[in-house]
Structures are given as structure tokens and as C-alpha cells.
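Listed below are the residues making up each chain.
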Amino acid sequence: MEQVKNEMKMEFLASSMNEGFARITVGAFVAELNPTVDELADIKTAVSEAVTNCIIHGYEQKEGSIWIQCSTDEQQVEISVVDTGKGIRDVEQAREPLFTTKPELERSGMGFAFMEAFMDEVEVVSQPGQGTCVTMRKTIGKG
Amino acid sequence: MSVLIRNSTAAAGMPAFIRNDCAAIKMNRGLYKRRLEYKASFFISREAKGRKIMEHRFEKEYGCLVIRMPRELDHHQAEILKEEADGLILKYPVRSLVFDFADTCFMDSSGIGVVIGRCKNVRFSGGYVKAVHLNQQIQRIFRLSGLQKIMEVEQEEE
């Protein structure tokens, strides 16, 4: 089967109602690569974590927009989740498992840990006061 | 004895629900007293503002609250679950808690947070916390997060 490059971009309100929407749309987009059930679940979970971080930490549950850019090339998937919220002061600390700046919201501090467990690569670029971009890559069919 | 109580009044609010509950019990008071030695399970569901409150049952004999987890346990659902579960823990003399994942096919780290939070609320009563009917995906989440070290897990039979 001929694999072609594909790309999509979307913007939606940073509301928790849209977490499921983000999972479904990204899932539908990568379905073209015939991922296994586990691979699809991994990608949806990672997207869910990134989007939830934008809502809770980026915008602190206030109004804002989230952008998701997704591209596929052969069996490679690249997903970027972007917000123009608060930004992360210390990215390395934020990526530590169990670290959270919002324990009062019962956050487990495992968002980044899950993204890293389920995707092959996770890149975080952030500027305090300007926003955050989380880019995740995964190769489908790697086993 | 199972009592199925339905309150289909939209946005009825807790007071109306409790009034219906008490009315049902008063009518059957004689019967209820005679059957006190039997396990009483109340299956309750109601509509409120167009959204079904999560299914749950309280096993009075054991002081055990069984909560049916939602199909997709993300941050959005975790917030709803937290509010409703805390209400139930206040409403019933809950000693132990069981999370029933029979309907759940998705869970992320928000689900972990809400489960741990509820465990903390119930732990002081000396009871147990258990998770049942986990499918493969949910088992992965539990393993990855170490939740199975904090609570007993009964896996779904294949």
C-alpha cells in the first residue's frame, strides 16, 4: 500500500469537554497507518495528557485555545500540542515523575511520564508567559 | 432486597432525591425491619440537568461503596467523579470502596489522581480499597503508575 505524507492542524477551546474530542480526532487521523489497538491507545493517552496539561497548567482552567498539529510520514507520527498560556519555568523539573505544581487539584504528576512511556520521543519547548509546545513522535508497527 | 429508585425530574437536586428515598423506606418500614439481617443494596440512578449521575451501590452489610467508573476516565470525567464520589462518601457510612472498571476503556493520569484522592478519603476508616474488572488497557495504566501497589486489583476474566 502506498504511504503518503499527511498533515492536519486544528484549533479548539481549552475546555475539558474537548479532551475526548482531541483524542478521537488524532486517533482518526493516525488510523490511516493501521496501528494496533495498543498503539492507538498509547497515542490517544499521550494526546490526552498533553491537552489536559494545557487546560490545567497552561491556562489554569481559564479561557484559551489549544492547537494540535499532526503529521504522518510512512509509519512515523508526529503530534504537536501548543498553547499560549503560562509556560513552564523549569521544564526538567516539570518532567520529573510525580512532580506537580497543583497537588490541591489531585494531580498525580504523571502526565509527562505517561507521554514518555507511550511515545518514542517527547520534546518540550516553553517560554514563561508565552506558552508551551509539546512535540511527540512515534513509529507505528515497531512492536 | 434491592430497591430501584428512579427520579426522572430534571435538576431535582439532592433534597428531592432524599425525600423520595425516605418515602420509599417509610412505606416498607415493616418489611425493611424484618429483613435487616439481609444484605441491602440500593441501585440508584437519576437524571440531573440531562446528565446521568454515575451508577453506584452501597452494600450496607459491609459498609462498602461500589462505584461504576465512566467509560472514559479523563480529566473532564475525573472532576465529575470526584464531586459525586465525595458526596456519596458523605452520604453513606462508607468503610470500604470498590472501583468497578467494567465499562471503562480509557484512563489517563487524571484518573489515577482521582482514584488516589478517594482512597485517602476512605483509608482512615480502616477499610479496604479495591479495583475490579480492569481490562488490558486499564491494567497497563495501573502497572505503569504503580496503583496496584496501593490497592487490591481484581482483573477481568478473558
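None of these values were measured; they are calculated from a predicted model.

Quick notes on the rules
- Residues numbered from 1 in each chain as written.
- Chains lettered and ligands numbered in written order.
- Predicted model: local features only at pLDDT ≥ 70, side-chain atom pairs only at ≥ 80, totals over all residues.
- Heavy atoms only, no water.
- Salt bridge = Lys/Arg side-chain N within 4 Å of Asp/Glu carboxyl O.
- Helix = DSSP H or I, 4+ residues; strand = E, 2+ residues; numbered from the N terminus.
- Buried < 20%, exposed > 50% of the residue type's maximum accessible area, 1.4 Å probe, protein only.
- Axes fitted to C-alpha atoms, helices over the stretch in contact; angles between N-to-C directions.
- Parallel < 35°, antiparallel > 145°, perpendicular 65-115°, else oblique.
- Left-handed = near helix turned anticlockwise from the far one by under 90°.
- Contact = heavy atoms within 4.5 Å.
- Core = buried A, V, L, I, M, F, W, Y, C linked by side-chain atoms within 4.5 Å.
- Polar contact = N/O pair within 3.5 Å; in protein donor to acceptor, adjacent residues only side chain to side chain.
- pLDDT = per-residue confidence, 0-100.
- 1 Å grid on protein atoms, 1.4 Å probe; cavity = no way out; pocket = protein on both sides within 12 Å on 5 of 7 lines; lining within 4 Å.
- Points joined across faces, edges and corners; volume = space filled by probe spheres on them.
- Pairing = 2+ DSSP bridges.

Turning our attention to the pattern of salt bridges. According to the stated counting rule, one finds 17 salt bridges over all chains in the structure shown. With its nearest N and O atoms 3.1 Å apart, the salt bridge here joins D103(B) to R68(B). Remark: R68(B) occurs in strand β5 (residues 64-68) and D103(B) occurs in the loop between β7 (96-100) and β8 (106-107); sequence separation between them is 35 residues. Relative accessible area serves as the criterion here: at 39%, D103(B) is assigned to the partly exposed category. Take R68(B): its relative accessible area is 31%, and that puts it in the partly exposed class. When the shortest N-O distance is used, the salt bridge between R118(B) and D86(B) registers 2.8 Å. Highlighted residues: R118(B) in helix α4 (residues 109-123) and D86(B) in helix α3 (residues 75-91), separated in sequence by 32 residues. Residue classification places D86(B) among the partly exposed residues on the basis of a relative accessible area of 23%. Each member of the salt-bridge network shares a partner with another, and the members are R23(A), R71(B), E72(B) and D74(B).

All names here are of chain A. Contact pair helix α2 (residues 37-58) / helix α4 (residues 111-118): the axes reach a minimum separation of 9 Å and the direction vectors enclose 150 degrees. As far as their axial angle goes, α4 and α2 are roughly antiparallel. When the axes of α2 and α4 are compared, the crossing they make is left-handed. The segment α2 lies against α4, with D42, T45, A46, E49, A50 and N53 engaging G111, F112, F114, M115 and F118.

If you look at the biggest cluster of nonpolar residues, it comprises 34 residues, and the most contacted ones within it are V26(A), V51(A), I66(A), I68(A), I79(A), V81(A) and M136(A). When residues in this core are grouped by element, the largest group, seven residues, is from α2(A). Leave out the neighbours within four places in its chain, and V26(A) touches M8(A), I43(A), V47(A), I68(A), C70(A) and I79(A). Membership of the second largest hydrophobic core comes to 33 residues, among which are F58(B), F99(B), A131(B) and I141(B).

All names here are of chain A. Following the sequence through the fold, K138 ends up in strand β5 (residues 131-139). For K138, a relative accessible area of 9% corresponds to the buried category. Among the polar contacts listed, one links the side chain of K138 to the backbone oxygen of F118, at a separation of 2.8 Å. Dropping the residues within four chain positions of it, K138 is found in contact with E39, D42, I43, Q75, Q76, V77, F118, M119 and D120.

Time to look at the confidence of the model for chain B. Residue and element names in this part refer to chain B. Of the residues in chain B, 65% have a pLDDT of 70 or more, and the chain-wide mean is 72. Within chain B, strand β1 (residues 2-7) has the poorest average pLDDT of any element, 35, and β8 the best, 96. What the predictor reports for the complex is a pTM of 0.78 with an ipTM of 0.88.

Our next topic: empty space enclosed by the protein. What the rule picks out here adds up to one cavity of 30 Å³ or more. Computed from the structure, the largest cavity encloses a volume of approximately 50 Å³. In this structure, the largest cavity is lined by L105(A), E106(A), R107(A), A78(B), E79(B), K82(B), S110(B), G113(B) and V114(B). Elements that contribute at least two residues to the lining of the largest cavity include exactly α3 and α4 of chain B.

Residues and elements named next belong to chain A. Most of β5 sits inside the fold, with seven of its nine residues counted as buried. Bridge count between strand β4 (residues 121-127) and β5: seven bridges; the pairing is antiparallel. For V125, the partnering residue across the bridge sits in β5 and is C133. Count of turn residues in the β4/β5 antiparallel hairpin: three residues, of which G129 carries a positive phi of about 85 degrees.

Another point: unusual backbone geometry. The backbone of L98(A) shows a phi angle near 75 degrees, a positive value even though the residue is not glycine. Assignment of secondary structure puts L98(A) in the loop between α3 (91-94) and α4. By relative accessible area, L98(A) is classed as exposed at 60%. Even without a glycine there, the phi angle at H133(B) is positive, about 60 degrees. Positionally, H133(B) belongs in strand β9 (residues 129-134).

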